[in-house]
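A look at the structure
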Amino acid sequence: MELYVFDNYDEISRYAAKMVSDFINENSNCVLGLATGSTPLGMYKKLIEYNRDRIVNFSEVKTFNLDEYRGLSGEHPQSYRYFMNKNFFDHVNIDKNNTFIPNGTCEDVAKECRDYEEKINELGGIDLQILGVGSNGHIGFNEPSSELYAYTHLADLTEDTIKANSRFFKNIEEVPSKAITMGVGQIMKSKRIILLASGVNKAKVIGRIFNGKISTENPSSILQLHPSVAVIADKKAASLI
Ligand code: F6R
C-alpha cells in the first residue's frame, strides 16, 4: 500500500484532488467510485476549482456512489444524493445522467441492488474508488461483522455508525438504521483505490490497516489484499502506523 502523509486536512484534500484529476486526464471516460461523509469534502471543493480552471474535465466521467440511506429520497437534505449534488455534481461539468447512487426509496431493494451491480459491471467496473473509513473500520456501510457481503446489499448500521452520523441530523432518532451499500467485493474489484483519512479518531483504524491482521471485524483491513491502494492521511490519522 502506498502511504502519503501530510501536515493537515487541506493538504490531503489538495493531494487527493490532484491524484483524481491526473487520473481523469489520463482516462477521460473513466468510472469513479465516490464517497460521502466529511473526509472527501475538501477534495470535492478542490476538484470544483480545478474544473472551473479547466484543469480537469468531467464531461465523460461516470460515477457510482458507495451508498445511500434506506428510506431517504434524493430530495432529503441528509440523503447522499442530495449531498453529492450540493457538494460536487452541481458545480462541475458532469452529466448528472452519468452519476449513479442507489435509490433509497425504491420498493424492491433486492432488485435495486442487483441493478446497481449490473450497471457498474456494464460500464466496465470502477476504475478509481475514493474511500473514507469509519473509526470502527467500516468502508461504505460494510460494518464490522463475522461475515461480509461481496456485492451491493441492504446493510444494518451499527450503533457506533448511527451515533457518528447523527451529527448531520436533528436528533439520533432521525438517522436511518439501514442503508444500501456496495459490498467489499465490488470495492476490491476497483482498479485503483484512494483512501482518505483525517484526524486522531481515525488513527487506530489506519494503524490497523497497515499493521493489523485481516479480519471481517475490521472491513478496511481487507484493503491490504488490494494491489493498488493509496492511503492519503494527515499526521494525526497516520500517528499509529
Ligand atoms: C460514505 C461512506 C462511509 C464514510 C465513513 C467516514 O459514503 O461510505 O464509509 O466514508 O463513515 O465518514 P467521515 O468521512 O464522515 O468520517
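Parameters at a glance
- Residues numbered from 1 in each chain as written.
- Predicted model: local features only at pLDDT ≥ 70, side-chain atom pairs only at ≥ 80, totals over all residues.
- Heavy atoms only, no water.
- UniProt positions renumbered as here; feature names shortened; annotations may be inferred.
- Helix = DSSP H or I, 4+ residues; strand = E, 2+ residues; numbered from the N terminus.
- Core = buried A, V, L, I, M, F, W, Y, C linked by side-chain atoms within 4.5 Å.
- Buried < 20%, exposed > 50% of the residue type's maximum accessible area, 1.4 Å probe, protein only.
- Contact = heavy atoms within 4.5 Å.
- Salt bridge = Lys/Arg side-chain N within 4 Å of Asp/Glu carboxyl O.
- Pairing = 2+ DSSP bridges.
- Axes fitted to C-alpha atoms, helices over the stretch in contact; angles between N-to-C directions.
- Right-handed = clockwise from strand over helix to strand, strands pointing away.

Moving on, we get to the UniProt feature "domain: Glucosamine/galactosamine-6-phosphate isomerase" (unreviewed entry) in the protein chain. Under the present numbering, the feature "domain: Glucosamine/galactosamine-6-phosphate isomerase" (unreviewed entry) in UniProt falls on residues 11–224. Between the C-alpha atoms that bound residues 11–224 there is a distance of 24 Å. The span itself is 33% helix and 14% strand.

With that settled, the discussion passes to the nonpolar core. In terms of nonpolar packing, the biggest core is built from 32 residues, with Val20, Met43, Phe58 and Phe88 touching the most fellow members. The set of elements that each furnish at least two residues to this core consists of α1 (9–26), β2 (31–34), α2 (41–52), α3 (80–87), β6 (128–131), β9 (192–197) and β10 (229–234). For this core, the element with the most residues is α1, which contributes 7 residues. If we ignore the near neighbours within four places in the chain, the residues touching phenylalanine 88 are Leu34, Tyr44, Leu47, Ile48, Phe58 and Phe83. Core analysis: the second largest hydrophobic core is formed by 26 residues, Leu195, Ala197, Val205 and Leu223 among them.

Looking now at the pattern of salt bridges. Summed over the entire model, instances satisfying the criterion amount to 11 salt bridges. Between glutamate 2 and arginine 192 there is a salt bridge, with the nearest N and O atoms lying 2.9 Å from each other. Note that glutamate 2 is positioned in strand β1 (residues 2–6) and arginine 192 in strand β9, a separation of 190 residues in sequence. The residue aspartate 10 makes a salt bridge to lysine 46 at a minimum N-O spacing of 3.7 Å. Highlighted residues: aspartate 10 in helix α1 and lysine 46 in helix α2, separated in sequence by 36 residues. Here aspartate 10 falls in the partly exposed class, since its relative accessible area comes to 38%. The network of salt bridges with shared partners includes Asp10, Arg14 and Lys46.

Our focus in this paragraph is the UniProt feature "active site" (unreviewed entry) in the protein chain. In the numbering adopted here, UniProt assigns the feature "active site" (unreviewed entry) to Asp67, Asn136, His138 and Glu143. For aspartate 67, the location among the structural elements is in strand β4 (residues 67–69). The class for aspartate 67 is buried, based on a relative accessible area of 5%. Other than its neighbours up to four places away in sequence, aspartate 67 contacts Thr36, Tyr80, Ile101, Pro102, Gly140, Phe141, Ile180 and Thr181. Following the sequence through the fold, glutamate 143 ends up in the loop between β6 and β7 (153–156).

Attention now moves to the sheet that holds β7. Ordered in space as β4-β8-β7, the 3 strands form an open sheet in which the pairing is antiparallel. Of all the strands in the sheet, the pair left with one neighbour each is β4 and β7. When strand polarity is set aside, the average angle formed by the axes of neighbouring strands in this sheet is 30°. Pairing geometry for β4 and strand β8 (residues 178–181), over 3 bridges, is antiparallel. Across the sheet, glutamate 68 pairs through a bridge with isoleucine 180, a residue of β8.

Let us now look at the environment of phenylalanine 210. Among the structural elements, phenylalanine 210 can be located in helix α7 (residues 203–211). Sequence separation of phenylalanine 210 and leucine 3 is 207 residues, and the distance between their C-alpha atoms is 9.4 Å.

With parallel pairing, the 7 strands of this open sheet are ordered in space as β1-β10-β9-β6-β2-β3-β5. Looking at strand neighbours, the two that pair on one side only are β1 and β5 (99–100), the edges of this open sheet. Looking at chain direction, β6 and β9 are connected through 4 bridges and run parallel. Bridge pairing links leucine 128 to arginine 192 in β9. Together, β1, β2, β6, β9 and β10 form the strand contacts of α1, whose direction differs from that of β10 by roughly 155°.

Among the 6 residues of β10, 6 are classified as buried, and the element is accordingly described as predominantly covered. Because side chains alternate across β10, one face comprises the buried residues Val229, Val231 and Ala233, and the other comprises Ala230, Ile232 and Asp234, equally buried. Sheet topology places β1 next to β10; 5 bridges connect them, and they run parallel. The residue bridging tyrosine 4 from the neighbouring strand is isoleucine 232, located in β10. Taken together, the 5 bridges between β9 and β10 define a ladder with parallel strand orientation. Its bridge partner being in β10, isoleucine 193 is matched across the sheet by valine 229. Handedness of the β9-α7-β10 crossover: right-handed.

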